[in-house]
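Residue-level structure breakdown
Here are the chains, one letter per residue:
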Amino acid sequence: MHATISSIGIYHPLKEIKNSYFEEFLETTDQWIKERTGIENRYYALENEYTSDLCVKAVEALVKNHTTNLQEVDFIIVATSTPDQTLPSVASRVQTRMNIPHAGCIDISAACGGFVYGIILAKGLIAAGTHRKIIVTGAETLSKVTDFTDRSSCILFGDGAGAVIVEASSENHLLKVITDTDGSYGKDLYLSNKNIPINGKPVIPDNNIHQNGRVVFKWAVSTLTKKIEELVSKNGITLEDIDYFIPHSANMRILETVCKELGIPMEKCLESIKNYGNTSAASIPLAWYNGITSGRIKPNDKLLLIGFGGGLTCAGICLQNNIEMK
Ligand code: COA
C-alpha cells in the first residue's frame, strides 16, 4: 500500500518575542541576531501551555483546513524533544483530547529531524498494511528548556507545532528516504535533564539545551549538502526536478550556504526561521504550510524535506505535494 499527505495544520503560541527582547538583558543586538541567524521573531508558550496544547491546536487547525474524519485515525506520532512529561506520551494526550478512539500512540525523540522521522515511520506502517491513517506532528516548547544566560543559544529557539495526516493511497506520493546519524556528536547538542555523561563529557542537569554552535553549524552544512544529493540520486531524479526544498530551519546562513554549494536558487528553499526562530521538530511543517498558503507550493509539486539536529541525526524524504487548502 502506498501513502499520501493531503492535510496540514499549524499552531504557534500567541506571545510574540522580537529580537529587541534580548537586548534588555543580554549583550546582543537585533542586527547581530538578524545577520548571524536570519531570525526576526519567535513565539513563546505561556507558563501553563505545553507541547500537547500546541499539538491539539495544530490538529484542530488541520481539521478546519481540510475535510477529514479523525475517527478513522489509527495511529498518532508526536515528534518532540520537549514532551509535557516522559509519561504519559504527548501523543496519548492528543488522542484523548481529540476524542480519537483506539489509536496507537507514540512520541519519538529525534530532535529537529523528528518530523521527517515521523513521516518515514508512518509511511512504513502504511506500507506494512497495519495502519491506514496516521497523524504526525512535530511540536516543541523550547522556551521552557532555554538557557537565557547563553546569548549564543537563547536567541535561536521558538515554540510551535505542525500536524499532517499520512494516509493509505493507491498513488505513491511519499518517495524514497534517507536516514543517518553520527552519535559521536551527542556532546555538541543536548538537553541536560540528567546527570549522565554524554560521550564521556560530564553534564550538569539544569534542564536546558546546550550546544557547540560552530560545530553544529559545520556538521549541518556538510551533512545537508551530501544527504540532499544522495536523496535525489536515490530517487532517480536531479536537484532541478525538485520544486521546493524544505530543510529544517536552524539558521538562515546554514540554508544559504547549502543552497550556494548545491547551486539551488534561494527562492526554491522554504524557511520558517525568520518569523518563528528555530522550532526544531515544528520548523518543517511551519515552512511547508506557509509555502502552501502563500501560493508558492502547488498540488503535485515535488518537495524535498530534510530534518537534522541533536543526535546528531538527519532524515530526508522526497514527496509529491498532495495538500490543497479549502
Ligand atoms: N549577540 C552578539 N554576539 C554574539 C551572540 C549574540 N547573540 N552570540 C554569540 N556572539 C558572539 C560570540 O561570543 C563570538 O564573539 P567572540 O568572537 O568575541 O568570541 C562571536 O559572536 C562569534 O561567535 P560564533 O559562535 O562564531 O558565532 P556564529 O556566527 O557561529 O553564530 C550561532 C552562533 C549559534 C548562531 C551559529 O553557530 C549557529 O546557528 N549554529 C548552529 C546552531 C544550531 O543550528 N543548533 C540547532 C541545530 S538543529
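Okay, so let's go over this structure. Because the structure is predicted, anything quoted here is derived from the model rather than measured.

Examining the overall build of the chain
Within the chain, the regular secondary structure consists of 10 helices and 13 strands. Computed over the C-alpha atoms, the radius of gyration of the chain is 18 Å, within 12% of the 20 Å expected from 2.2 N^0.38 for a compact globule of 326 residues. Its C-alpha atoms put the chain at 55 × 45 × 40 Å along the principal axes. For the chain, with 326 residues in total, the buried portion stands at 57%. Within the chain, contacts between residues at least 6 apart in sequence are counted, and of these 75% link residues at least 24 apart. Carbon and sulfur atoms provide 49% of the accessible area of the chain, an area that totals close to 13800 Å². Computed over 31 positive and 36 negative side-chain charges, the separation of the two mean positions in the chain equals 2 Å.

A look at the pattern of salt bridges
Per the counting criterion, the structure on display carries eight salt bridges. One salt bridge in this structure joins Asp53 and Arg97, with 2.8 Å as the shortest N-O distance. One end of the pair, Asp53, is in helix 3 (residues 51-65); the other, Arg97, is in helix 4 (residues 90-97), and 44 residues separate them in sequence. Owing to a relative accessible area of 43%, Arg97 belongs among the partly exposed residues under this scheme. Through salt bridges with shared partners, one network takes in Asp180, Lys227 and Glu230.

Some remarks on the packing of helix 7 (residues 213-234) against helix 8 (residues 252-262)
Working note: a packed helix pair is described by the angle between its axes plus the distance between those axes. Two elements in contact, helix 7 and helix 8, have axes separated by 9 Å at closest approach and are oriented at 40 degrees. Classed by the angle they form, the pair helix 7 and helix 8 counts as oblique. Handedness of the crossing formed by helix 7 with helix 8: right-handed. Between helix 7, through Phe217, Ala220, Val221, Leu224, Thr225, Ile228 and Glu229, and helix 8, the contact on the second element is made entirely by Arg253, Ile254, Thr257, Val258, Glu261 and Leu262. Considered class by class, the residues forming the contact of helix 7 with helix 8 number eight nonpolar, two polar and three charged.

Some thoughts on the pairing of strand 3 (residues 41-44)
Burial of the side chains of strand 3 extends over both faces: Asn41 and Tyr43 are buried on one face and Arg42 and Tyr44 on the other. As defined by bridge partners, strand 2 (residues 15-18) adjoins strand 3 across four bridges and the pair is classed as antiparallel. By the bridge assignment, Lys18 is partnered in strand 3 with Asn41.

A word on the packing of aromatic side chains
A complete count under the given rule lists nine aromatic pairs for this structure. Residues Tyr43 and Tyr276 carry aromatic rings whose centres are separated by 5.9 Å and whose planes lie at 45 degrees to one another, so their mutual orientation is tilted. Of the two residues, Tyr43 is situated in strand 3 and Tyr276 in helix 9 (residues 273-276); the sequence distance between them amounts to 233 residues. Tyr43 gets classed as buried once you look at its relative accessible area, which sits at 9%. The ring of Tyr50 carries Lys144 above its face, with NZ or CZ at 4.8 Å from the centroid.

Basis of the calculations
- Residues numbered from 1 in each chain as written.
- Predicted model: local features only at pLDDT ≥ 70, side-chain atom pairs only at ≥ 80, totals over all residues.
- Heavy atoms only, no water.
- Helix = DSSP H or I, 4+ residues; strand = E, 2+ residues; numbered from the N terminus.
- Rg over C-alpha atoms; globule rule 2.2 N^0.38 Å.
- Buried < 20%, exposed > 50% of the residue type's maximum accessible area, 1.4 Å probe, protein only.
- Contact = heavy atoms within 4.5 Å.
- Areas by Shrake-Rupley, 256 points an atom, 1.4 Å probe, with all protein chains shown as cover.
- Lys, Arg positive; Asp, Glu negative; His and termini not counted.
- Charge placed at Lys NZ, Arg CZ, Asp CG, Glu CD.
- Salt bridge = Lys/Arg side-chain N within 4 Å of Asp/Glu carboxyl O.
- Axes fitted to C-alpha atoms, helices over the stretch in contact; angles between N-to-C directions.
- Parallel < 35°, antiparallel > 145°, perpendicular 65-115°, else oblique.
- Left-handed = near helix turned anticlockwise from the far one by under 90°.
- Nonpolar A, V, L, I, M, F, W, Y, C, P; charged D, E, K, R; others polar.
- Pairing = 2+ DSSP bridges.
- Phe/Tyr/Trp six-rings, centres within 6.5 Å; stacked < 30°, edge-to-face > 60°.
- Lys NZ or Arg CZ within 6 Å of the ring centre and 35° of its normal.

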